[in-house]
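Commentary on secondary and tertiary structure
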Amino acid sequence: MNVLVINCGSSSLKYQLIDSDSEQVLAKGLCERIGLDGRLVYQKSGLDKEVTEAPMPTHKEAIQLVLDALTNKESGAIASLDEVDAVGHRIVHGGEQFTASALITEEMIKTVEECNELAPLHNPANLIGIRVCTELMPGVPQVGVFDTAFHQTMPAKAYLYGLPIDYYKNYKVRRYGFHGTSHSFVSKRAVEFLGLDKDNSKVIVCHLGNGSSISAVVNGKCVDTTMGLTPLEGLVMGTRSGNIDPAIVEYVAKKENLDIAGIMNVLNKKSGLQGLSGVSSDMRDLEAAADGGNENARNAVDVLCYQIAKFVGGYVAAMNGVDAIAFTAGIGENDLRVRKTVCSYLGYLGIAIDDEANARRGEDVVISTADSKVKVAVIPTNEELAICRDTVAIVSGK
Ligand code: ADP
């Protein structure tokens, strides 16, 4: 089955066409600057990237251009759209309504719309992608895969905030968690790869990218995660602050003469590694600056590693133990120094790292030593493949 995976943002769209039998990517790319000037990147497997400047006033033109590229006579991956058997869409927020991926129907779309308030920048864009695909590929089954769904197994003690309970009852204020597709994929893969018993396993997944979150997974079910009502909570991230004292909001708003929107902009876009270092939100730049003696960059890296170690320690307590820790995403997969530093905080758990294994890249790898009491692994995430698998399972009624 050929599955078109679509991740629609407000001004961009990422796509992959995947053959679900071989799990090979047939073609992939992205549309950028939708609503501005428009640029299409298309890459058929085994060929070079093609970049085309093309007007895309709305997502409709963008998706049409993707479909044209996929079926282009010279470089297309398929001969016609008849060869697209299903479409899988990433949807950011499924609220409490969606505990798993779901077939897209009019009724399902209405339920997603009820969650729009919780992700006002993302959900409407995801829904536009769904509407356009319905129009351009009528009759092709579509599935929605939610960032929040995997975390819906959290118990109330993990998802409730210490706020008046009516805010939860009336406004749905609670921890939802994000990156669920990645946490689900990586925790499952960790259990399989490390030979753990899936019905008797405690795994911590550290998804460390531009946005970062950690989850605690017992017997395949999420019991806690660091992101909250929104993806702002938890770890310090590229430009997001992560956890802060909530009273800082009022204090800084007065000092800087900012309104709520102004403060939210600072917390989302000007804080985190970027804000701390004043250098960059990108880990590679930060480490280069820290190596060159930049103290703010050094502190930013130290803050991140320290926070990761504290959350991991908290989750070991929450689960009363841990069998495996898995690192994933841009920093988790590539940054051996972050992994080493984090694990050096965890010596009390009997964790020891094999430096040679820790230096390997691009594959599932165990980086702990044979006698380490907890297994530590790097598991590259693949959210598109996870979306493809869920889409196939739902479309074929498995
Ligand atoms: P996103 O959340 O946007 O999907 P990614 O998972 O791609 O982000 O992660 C981006 C982060 O990964 C950036 O901070 C980047 O610097 C970091 N990263 C990528 N490659 C390396 C590397 N070789 N060493 C250290 N950090 C890296």
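An account of the accompanying structure is given in this report. (Residues numbered from 1 in each chain as written. Predicted model: local features only at pLDDT ≥ 70, side-chain atom pairs only at ≥ 80, totals over all residues. Heavy atoms only, no water.)

**Quick word on the overall build of the chain**
- Secondary structure assignment for the chain yields 15 helices and 14 strands.
- A globule of 398 residues ought to have a C-alpha radius of gyration of about 21 Å, and the chain, at 21 Å, matches this closely.
- Along the three orthogonal principal directions, the C-alpha set of the chain runs to about 60 × 55 × 45 Å.
- Looking at the chain as a whole, 48% of its 398 residues are labelled buried.
- Looking at the chain as shown, the accessible area adds up to about 18,700 Å², and 51% of this sits on carbon and sulfur atoms.
- With 38 positive and 50 negative side-chain charges, the chain shows a spacing of 4 Å between the two charge centroids. (Helix = DSSP H or I, 4+ residues; strand = E, 2+ residues; numbered from the N terminus. Rg over C-alpha atoms; globule rule 2.2 N^0.38 Å. Buried < 20%, exposed > 50% of the residue type's maximum accessible area, 1.4 Å probe, protein only. Areas by Shrake-Rupley, 256 points an atom, 1.4 Å probe, with all protein chains shown as cover. Lys, Arg positive; Asp, Glu negative; His and termini not counted. Charge placed at Lys NZ, Arg CZ, Asp CG, Glu CD.)

**A few points about the site of the ligand**
- Neighbouring the ligand are 13 residues, the closest being Asn-210, Asp-282, Met-283, Gly-330 and Ile-331.
- Between the ligand and the protein, one listed contact pairs a nitrogen atom with a side-chain N or O atom of Asn-334 at 3.4 Å.
- In the complex, the protein chains occlude 70% of the 580 Å² of accessible area that the ligand would expose alone.
- Contributions of two or more residues to the shell around the ligand are made by helix H10 (283-291) and helix H12 (329-334). (Near = heavy atom within 4 Å. Polar contact = N/O pair within 3.5 Å; in protein donor to acceptor, adjacent residues only side chain to side chain.)

**Description of the packing of aromatic side chains**
- Scanning the model with the defined rule gives five aromatic pairs in all.
- With centroids separated by 6.4 Å and ring planes inclined at 40 degrees, the aromatic side chains of Phe-311 and Tyr-315 adopt a geometry described as tilted. A residue pair is termed a helical-turn pair when its members lie 3 or 4 positions apart in one helix, as Phe-311 and Tyr-315 do in helix H11 (residues 295-319) at four residues.
- We note Arg-174 situated over the ring of Tyr-159; from NZ or CZ to the ring centre the distance is 3.7 Å.
- The ring of Tyr-176 carries the charged tip of Arg-174 above its face, separated from the ring centre by 4.9 Å. (Phe/Tyr/Trp six-rings, centres within 6.5 Å; stacked < 30°, edge-to-face > 60°. Lys NZ or Arg CZ within 6 Å of the ring centre and 35° of its normal.)

**Concerning helix H3 (residues 123-136)**
- With 14 residues, H3 should cover 20 Å at 1.5 Å per step; its first-to-last C-alpha distance of 20 Å lies within 8% of that length.
- For H3, the complete set of buried residues consists of Asn-123, Ala-125, Asn-126, Leu-127, Gly-129, Ile-130, Val-132, Cys-133 and Leu-136.
- The inward-facing, buried residues of H3 abut strand S1 (2-8), helix H1 (59-70), strand S6 (86-91), helix H2 (106-114) and strand S8 (142-146). (Expected span 1.5 Å × (residues − 1). Contact = heavy atoms within 4.5 Å.)

**Focus on the pattern of salt bridges**
- If you walk through the whole model with that rule in mind, you get 20 salt bridges.
- Residue Arg-389 is joined to Glu-23 by a salt bridge in which the shortest nitrogen-to-oxygen separation is 2.8 Å. Taken together, the positions of Arg-389 in helix H15 (residues 383-395) and Glu-23 in the loop between strand S2 (13-19) and strand S3 (24-32) put the pair 366 residues apart, joining distant regions of the chain.
- Overall, Arg-389 belongs to the partly exposed group, its relative accessible area being 40%.
- Three or more residues joined by partner-sharing salt bridges are found here, namely Glu-32, Arg-39 and Glu-53. (Salt bridge = Lys/Arg side-chain N within 4 Å of Asp/Glu carboxyl O.)

**What to know about the state of the cysteines**
- Applying the stated rule across the entire model yields zero disulfides.
- As a non-bridged cysteine, Cys-222 has Cys-206 as the owner of its nearest cysteine sulfur, 13 Å distant. (Disulfide = S-S within 2.5 Å.)

**Regarding the environment of Val-223**
- Inspection of the secondary structure assignment puts Val-223 in strand S11 (residues 221-225).
- Classification of Val-223 as partly exposed rests on a relative accessible area of 24%.
- Expressed as a C-alpha distance, the spacing of Val-223 and Thr-153, which sit 70 residues apart in the sequence, is 6.4 Å.
- Those residues in contact with Val-223 that sit more than four places away from it in its chain are Met-154, Pro-155, Ala-158, Ala-216, Val-218 and Met-319.

**So, helix H7 (residues 247-256)**
- Counted residue by residue, H7 has one buried out of ten residues, so it is predominantly exposed.
- Two residues or fewer after H7 comes Asn-257, characterised by a positive phi angle close to 55 degrees.

**Things to note about the sheet that holds strand S4 (residues 39-44)**
- Read from one edge to the other, the open sheet built from eight strands follows the order S5-S4-S3-S2-S1-S6-S8-S7, with strand pairing classed as mixed. Edge positions in the sheet fall to strand S5 (50-53) and strand S7 (102-103), since each has one partner strand and no second.
- Direction of pairing for S2 relative to S3: antiparallel, over a ladder of seven bridges. Counted as the bridge partner of Tyr-15 is Gly-29 from S3.
- Sheet strands in contact with H2 are S6, S7 and S8, and its direction is about 25 degrees off that of S8.
- Strand contacts of H15: S1, S2, S6, S7 and S8, with the helix running at about 125 degrees to S6, the strand carrying the most contacts. (Pairing = 2+ DSSP bridges. Axes fitted to C-alpha atoms, helices over the stretch in contact; angles between N-to-C directions.)

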